[in-house]
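# Structural overview
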There are 2 protein chains.
Amino acid sequence: MDNERLLKQIKFIVEIDKMKQIFRQNVVIGTSRNENDAEHSWHLAVMAMLLSEYAVEKDIDIFKVVKIVLIHDLVEIYAGDTFCYDEKGNEDKLDREKCAAERLFNILPEDQGNEIKNLWVEYEDVKTPESCFAACLDRIQPLILNYNTCGHTWKKPGVTSEKVLKRNAILEENAPELWQYVKETIEDSVKKGYLIKN
Amino acid sequence: MDNERLLKQIKFIVEIDKMKQIFRQNVVIGTSRNENDAEHSWHLAVMAMLLSEYAVEKDIDIFKVVKIVLIHDLVEIYAGDTFCYDEKGNEDKLDREKCAAERLFNILPEDQGNEIKNLWVEYEDVKTPESCFAACLDRIQPLILNYNTCGHTWKKPGVTSEKVLKRNAILEENAPELWQYVKETIEDSVKKGYLIKN
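Residues numbered from 1 in each chain as written. Chains lettered and ligands numbered in written order. Predicted model: local features only at pLDDT ≥ 70, side-chain atom pairs only at ≥ 80, totals over all residues. Heavy atoms only, no water.

## Quick notes on the relation of the copies chain A and chain B
Condition: Least squares is the method for superposing the copies, and the C-alpha atoms it fits come from residues with pLDDT of at least 70 in both. Any pair of residues with heavy atoms lying within 4.5 Å of one another is described as a contacting pair.
The transform that puts chain A on chain B rotates by 180° and translates by 0.0 Å along the axis, for an RMSD of 0.0 Å. Expressed as an axis order, the relation between the two copies is that of a two-fold axis. Comparing contact sets, 100% of the residues at the interface of chain A also lie at the interface in chain B, consistent with an isologous, same-surface contact.

## Examining the environment of L195(A)
Residues and elements named next belong to chain A. Rule in force here: We count a stretch as a helix when DSSP gives it H or I for four or more residues in a row; a strand needs E for two or more, and each element gets its number in order from the N terminus. Three exposure classes are used, based on accessible area relative to the maximum for each residue type with a 1.4 Å probe and protein chains only: buried under 20%, partly exposed in between, and exposed over 50%.
Positionally, L195 belongs in the segment after α11 (176-192). Here L195 falls in the buried class, since its relative accessible area comes to 4%. As a C-alpha pair, L195 and F133 span 62 residues in sequence and 25 Å in three-dimensional space. Among all residues touching L195, those that are not within four sequence positions of it are W154, V159, T160, S161, V164, I186, S189 and V190.

## Some thoughts on the packing of aromatic side chains
Condition: Within 6.5 Å between ring centres, the rings of Phe, Tyr and Trp (the latter by its six-membered ring) count as paired, and their orientation is classed by plane angle as stacked under 30 degrees, edge-to-face over 60, tilted in between.
Summed over the entire model, instances satisfying the criterion amount to 5 aromatic pairs over all chains. Summarising the aromatic geometry, the rings of F63(A) and F63(B) are spaced 4.7 Å apart at their centres and angled 20° between planes, so their arrangement reads as stacked. Pair noted here: F63(A) is in helix α3 (residues 62-71) and F63(B) is in helix α3 (residues 62-71), and the two residues belong to different chains. A residue is classified by how much of its surface remains accessible, and F63(A), at 18% relative accessible area, is buried. Here the aromatic rings of F83(A) and Y85(A) are separated by 5.5 Å at their centres, their planes lie at 85°, and the arrangement is edge-to-face.

## A look at the pattern of salt bridges
Quick note on the threshold: The working definition used for a salt bridge is a side-chain nitrogen of Lys or Arg within 4 Å of a carboxyl oxygen of Asp or Glu.
By the definition in use, this model includes 27 salt bridges over all chains. For D17(A), the salt bridge goes to K20(A), with nearest N and O atoms at 2.5 Å. Here D17(A) and K20(A) have matching classes, each one buried. Within the structure, one salt-bridge network assembled from shared partners comprises D17(A), K20(A), R24(B) and E35(B).

And the structure:
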């Protein structure tokens, strides 16, 4: 095989298989097994297909949202998953992830490496309608999983209803109907004892 | 929450979490753990983003390809994964999957249930450029994983190089450059002892 471009693409496809071994804090519904980044990204992509009608921005580019959620966690292959409520771990998160992005996206042919990197930077900046809606999905998916696993991750030390509400606050402006669902789910989770009120 | 439409969508999102527990025949690279359908679908979606230039049909709708690969295995939540080289299991596969589709897609609001069902039917029919390219990705992804796990699945009884080549034959017409990669990879796998020649 002397198709250098294709070989670079295949090398990247092999490398990102590691997403299936980057474990998140929450578990898969009905199990005690932690969800991994590949599963999480797939779930977000299907959710983007189904929930786009709730984005405040009506002419949102849904394919771009899907592309963003498919690649948004790739940098964790080298930088690892940082628990969103871990203040110390979040201090150097962006630096670690920038190095990871450089290393990972450079495996691809330059044009595609740049395309994926730009999507990731757009996601991290949370300024465009697409990246804002991708961030909304990234918040609400673990909330749905935690609600359906009796608050698995929410039982870790230091997690309170106020922190979960704050973590999801991006939905208030960007997807008000989903924000309403978030608020009611948090309230119900406190009632059911899945989450400490504070 | 009295938003009936949203509650149906959330119910579906919860139900398809089960994709993370439908295991395939191949393993994740570097592990002895079987890949699941959610991981497989995510991998195909990223591959669709990267490899679309190799589709013979130049005005292919890549977003549709991505949507198809994201949902193409959902029916396995109720119908289970059928090993592609299991002749007996494949006899009633379509009937089992049609029942599963009816049950699963009806959870969604009618318009979205129909949209997903139509994408799945299109995939199964393998007639449009998008479904043909989705099928190409669905064939080449396990080939890449098997090649990178010393032929894990190919060592099961009855699998031969001829059968793997036949399984991938759809690439010959629909993505000739990827077909070239497939042929060379199978040849190399036989040399390396990952796959029996026949």
